[in-house]
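Take a look at the letters that make up each chain.
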Amino acid sequence: MSLTEIKKRYNIPLKQDELEYWGPVNHQLSDAFLSMGQDFLESYLKKVPRIKRKKIFTAFIELIQNIADYNEKNAKQNAAAFVKLSVEKNQIFIFTISELYNGDDIKVIEILDHIFKIKPAEIKEKYKAALMNNKSLGLIMLRAMADSDLSYEVKTDNLKTFINFNFRMNY
Amino acid sequence: MKNLHIEPYLQTAEIDFKADTGKLLISGKIYPSDAIEFFKPIVKWAKEYVKNPAERTELICEIEYLNSASQKQLVELITVFKSLYDNERELVVRWKYEEGDDDILSVGELVEHELEIPFEYEEVTF
């Protein structure tokens, strides 16, 4: 059954201006998916200034590659993830869900809490420190982006733990 | 010493480093899934180059996209070239960024500030 048929069957709104993917995310597939994402942004967001589109695509790259990196290192095989890129009114959303393995949730929450507690005024300094000291940089970079918001949530469901990121940017 | 040339691909930039003239060009998108792997031969080449550099070294960074992993590798690469400046050899970093792209501009400004080497900035169109 195609994704379109599934959406019809479950009354999920069918929209032209969104890109969804549910399936394995590793480096190889993330490369292909990033190309699709770029095509999508160029096709459906022509009215958005190019620099803004670049920022959105940069956020998309970081979120997808984060999942692929994690899956390559931690998942056994074909680790699936959900990714959605959508446009609503004057906002663009990137929504991801991916699984955490090996009881990583506590460690991941600790790292993310630390990143998300950084006050806006301190972001630039933290970004600089991470860049110059070869520390994890992607999420700090996203938090530093203007006119945007990034949040996350960790949920456990049927003994599986999932993390979702929600990135929003105004245009 | 041999020149280094890497053709651009979907997520990686063109690399054109000429050892005899010291003109070193990085041009295009840099967001490979494995940034360490992409930069490995480039950093290796740079480490050899600084042992016997050209009279003047001009590193031109003309970057359209740059993911976080590649930012770190680029810092490592520029740090290798910094030894030229520290040893009073002529080094110019020309940082070209798309008009209005304050993210790429600020990466350049930050690296310039932290490594204490002079950058020249230029707005370009991709």
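Residues numbered from 1 in each chain as written. Chains lettered and ligands numbered in written order. Predicted model: local features only at pLDDT ≥ 70, side-chain atom pairs only at ≥ 80, totals over all residues.

Scanning chain B from terminus to terminus reveals three helices and six strands. Reading the secondary structure of chain B in the N-to-C direction produces β-β-β-α-β-α-β-α-β. Taking 126 residues into account, the globule formula puts the C-alpha radius of gyration at 14 Å, and chain B, at 13 Å, falls close to it. In terms of overall dimensions, chain B has a C-alpha envelope of 35 × 25 × 20 Å along the principal axes. A buried classification covers 39% of the 126 residues belonging to chain B. Pairs at least 24 apart in sequence give 71% of the contacts found in chain B among residues at least 6 apart. (Helix = DSSP H or I, 4+ residues; strand = E, 2+ residues; numbered from the N terminus. Rg over C-alpha atoms; globule rule 2.2 N^0.38 Å. Buried ≥ 20, exposed ≤ 12 C-beta atoms within 10 Å, placed from the backbone. Contact = placed C-beta atoms within 7 Å.)

So, on to the pairing of strand β3 (residues 23-30) of chain B. Residues and elements named next belong to chain B. Across five bridges, the pairing between strand β2 (residues 14-18) and β3 is antiparallel. When the sheet's bridge partners are listed, glutamate 14 is paired in β3 with serine 27. Between β2 and the antiparallel strand that follows it, β3, lie four residues; glycine 22 among them carries a positive phi value of about 75°. One ladder, built from eight bridges, connects β3 with strand β4 (residues 56-66); its direction is parallel. Within β4, the residue paired with isoleucine 30 across the bridge is leucine 66. Running through helix α1 (residues 35-49), the crossover from β3 to the neighbouring parallel element β4 is right-handed. (Pairing = 2+ DSSP bridges. Right-handed = clockwise from strand over helix to strand, strands pointing away.)

So, on to the interface of chain B and chain A. The partner chain A presents 19 residues to the 17 residues of chain B that form the contact. At the level of secondary structure, the elements contributing two or more residues to the side of chain B that touches chain A comprise α2 (68-86) and α3 (102-115) of chain B. Take the side of chain B that touches chain A: its biggest share by element is four residues, from α2 of chain B. Here the side of chain B that touches chain A is built from residues that sort into five nonpolar, six polar and six charged. (Nonpolar A, V, L, I, M, F, W, Y, C, P; charged D, E, K, R; others polar.)

On to the nonpolar core, then. All names here are of chain A. Ranked by size, the top nonpolar core spans 66 residues in total, and within it Ala59, Phe60, Leu63, Ile64 and Phe167 carry the most contacts. Here the element with the most residues in this core is helix α3 (residues 50-74); it accounts for 10 residues. Beyond its immediate chain neighbours, meaning those up to four positions away, isoleucine 64 contacts Val25, Ser30, Phe33, Leu34 and Val83. (Core = buried A, V, L, I, M, F, W, Y, C linked by C-beta atoms within 7 Å.)

A word on the packing of helix α2 (residues 27-44) of chain A against α3 of chain A. All names here are of chain A. Packing of α2 against α3 leaves a shortest axis separation of 10 Å and a crossing angle of 165°. As the angle between them shows, α2 and α3 are arranged roughly antiparallel. By crossing handedness, the relation of α2 to α3 is classed as right-handed. In this structure, α2 contributes His27, Ser30, Phe33, Leu34, Gly37, Gln38 and Leu41 to the contact, and α3 contributes Arg53, Ile56, Phe57, Phe60, Ile61, Ile64, Gln65, Ala68 and Glu72. Residues of the contact of α2 with α3, tallied by class, amount to nine nonpolar, five polar and two charged. (Axes fitted to C-alpha atoms, helices over the stretch in contact; angles between N-to-C directions. Parallel < 35°, antiparallel > 145°, perpendicular 65-115°, else oblique. Left-handed = near helix turned anticlockwise from the far one by under 90°.)

This part is about the sheet that holds strand β5 (residues 160-170) of chain A. All names here are of chain A. Within the open sheet, the five strands sit side by side as β1-β2-β3-β5-β4. Their pairing is antiparallel. Since the sheet does not close on itself, it has two edges, and those belong to β1 (18-24) and β4 (148-157), each with one partner. Here the average twist between neighbouring strands, direction ignored, is 10°. Here strand β2 (residues 80-88) runs beside strand β3 (residues 91-100); their pairing, made up of eight bridges, is antiparallel. What sits directly across from serine 86, in β3, is phenylalanine 93. Helix-sheet contacts for α3 involve β2, β3 and β5, and the interaxial angle to β3 is about 5°.

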